[in-house]
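Working through the structure, step by step
Listed below are the residues making up each chain.
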Amino acid sequence: MESDIKILEFRPEAAPEALWTAYFDHSEAMHREIDPQDPLLGRERHRAMLLVAFKAPYVSRRLYLALTPGGEAAGLASVSTETPRSPSYQDNKHLGNLNLSVLPGYRGRGLGWRLLNHVISELAVKEPAVAELMSPVVLEPGKKFCGKLGAKMALAHAENRLYVKDIDWAMVEHWAAEGRRRNPGTTVLTVGIIPEEDIKDYSEAYTEAMNQQPFGEISMKITVTPEQIRVGEKECLETGAEDTVIYTREANGAVSGLTETAYLKDSPHKVRQMLTGVRLKYRGRGLGKLLKALMLLEIRAKHPGVKYVVTGNADSNAPMLAINNALGFKKHLPILFYKLKLPVPGGR
Ligand SMILES: CC(C)(COP(=O)(O)OP(=O)(O)OC[C@H]1O[C@@H](n2cnc3c(N)ncnc32)[C@H](O)[C@@H]1OP(=O)(O)O)[C@@H](O)C(=O)NCCC(=O)NCCS
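Every value quoted in this text rests on a predicted model; they were computed, and no experiment measured them.

Around the ligand lies a shell of 21 residues, among which R283, G288, A318, P319 and A322 are the nearest. Put simply, the parts of the chain that give the shell around the ligand at least two residues each are α7 (199-212), β10 (270-278), α9 (287-302) and α10 (318-327). When residues of the shell around the ligand are assigned to their parent elements, the largest contribution, 5 residues, is made by α10. For the shell around the ligand, the per-class residue count stands at 9 nonpolar, 9 polar and 3 charged.

The following block contains the structure:
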């Protein structure tokens, strides 16, 4: 009976073990459905990462489970919003990031709708500024659900992958050499922690590049301050992630470009390639290709067991895709971002 299913909040810091098991079972079932070949993250690492994410000062997260009388999480919804402490709170307080999933055996019976309504009523009380939900969708039933709600497809995105066995290392070495030849006054730095003397400029370059990615019809503005970078570095240490940043500094001391990756010892088969960006006035000089090439060489030297590099790109990001496609990145998982304006007609 659907009415026997209860929706309750899952608070990682206080959850009893039975709820953790329900949470892991659900998340792992969804992961297997979405990406069956991708190995699961071990539960203890997953737990540690979730606990750190819930303590983050700039983002507030809420997670709800739709629990059957037998203790199974038939559905799960998570929503995150920026906290007033975030420097971009005023720009993004209208936005909630939603993830919603219902296990295959429980689909088509109104549970997604119930979970969504629950999230919306909670937000109305706790985060009344939220006027729009944004949600990444991979599976067909999710697209149908969004269509029925009248949500608008706002951005076509994808997880793209580069298999290390397919890399043309001679080309990568050529890009690195060519980038250095074209930029003789540029210094390249490879770090885990951004040096204090560069952090202000680095955070400005990061903010600029972040906001130049295509966001489609998602209205958001990202601001990244030195304090946020330091918080991120601390979180990395706590979760055991190994972040590597390669950035370029011009002769005048300005940070011109950057690229960053994350590696987890518990997922040694992959590296996550995060932001790559070159400030506008330094583009077209081969810095983007230099940075990406140097990062691949770094991965080869430091983590020879890595099988592939994963990254996320908007399908419309022509400059980034020009570089990634030349390196051999291929579309792995198409992800559509939907935007749902609140209140939803027919909802609470
Ligand atoms: C992507 C980015 C890092 C490239 O930096 P860059 O220093 O200009 O890159 P390079 O000069 O090394 O090379 C750019 C390549 O892309 C190509 N390119 C640039 N703009 C392009 C476009 N609109 N369409 C197709 N190809 C394009 C160039 O022709 C060049 O290739 P070539 O050497 O074969 O001619 C830069 O555009 C950027 O910072 N964008 C904003 C941030 C961003 O979106 N990052 C990715 C987030 S997922």
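Back to the write-up after that little detour.
With that settled, consider the nonpolar core. Counting residues in each nonpolar core, the largest one holds 35 residues, and the members touching the most others are L65, A73, A77 and V119. Breaking this core down by element, the ones donating at least two residues are α1 (17-34), β2 (59-67), β3 (73-82), β4 (95-102), α4 (111-126), β5 (132-137), α5 (140-149) and β12 (330-341). Those residues in contact with A73 that lie beyond four places of it in its chain are A22, Y23, D25, H26, L65, A66 and L67.

Before going further, it helps to spend a moment on the domain arrangement of the protein chain. Per the domain assignment, the segments of the protein chain are domain 1 (2-130) and domain 2 (159-335). Inter-centroid distance (C-alpha atoms) of domain 1 to domain 2 is 29 Å. Across the boundary between the two partners, domain 1 contributes 16 residues, which contact 15 residues of domain 2. Those elements giving two or more residues to the side of domain 1 that touches domain 2 turn out to be α2 (43-55) and α3 (89-92). When residues of the side of domain 1 that touches domain 2 are assigned to their parent elements, the largest contribution, 4 residues, is made by α2. Here the residues of the side of domain 1 that touches domain 2 sort into 10 nonpolar, 3 polar and 3 charged.

Calculation rules
- Residues numbered from 1 in each chain as written.
- Predicted model: local features only at pLDDT ≥ 70, side-chain atom pairs only at ≥ 80, totals over all residues.
- Near = placed C-beta within 6 Å.
- Helix = DSSP H or I, 4+ residues; strand = E, 2+ residues; numbered from the N terminus.
- Nonpolar A, V, L, I, M, F, W, Y, C, P; charged D, E, K, R; others polar.
- Core = buried A, V, L, I, M, F, W, Y, C linked by C-beta atoms within 7 Å.
- Buried ≥ 20, exposed ≤ 12 C-beta atoms within 10 Å, placed from the backbone.
- Contact = placed C-beta atoms within 7 Å.
- Domains from an automatic or database assignment.

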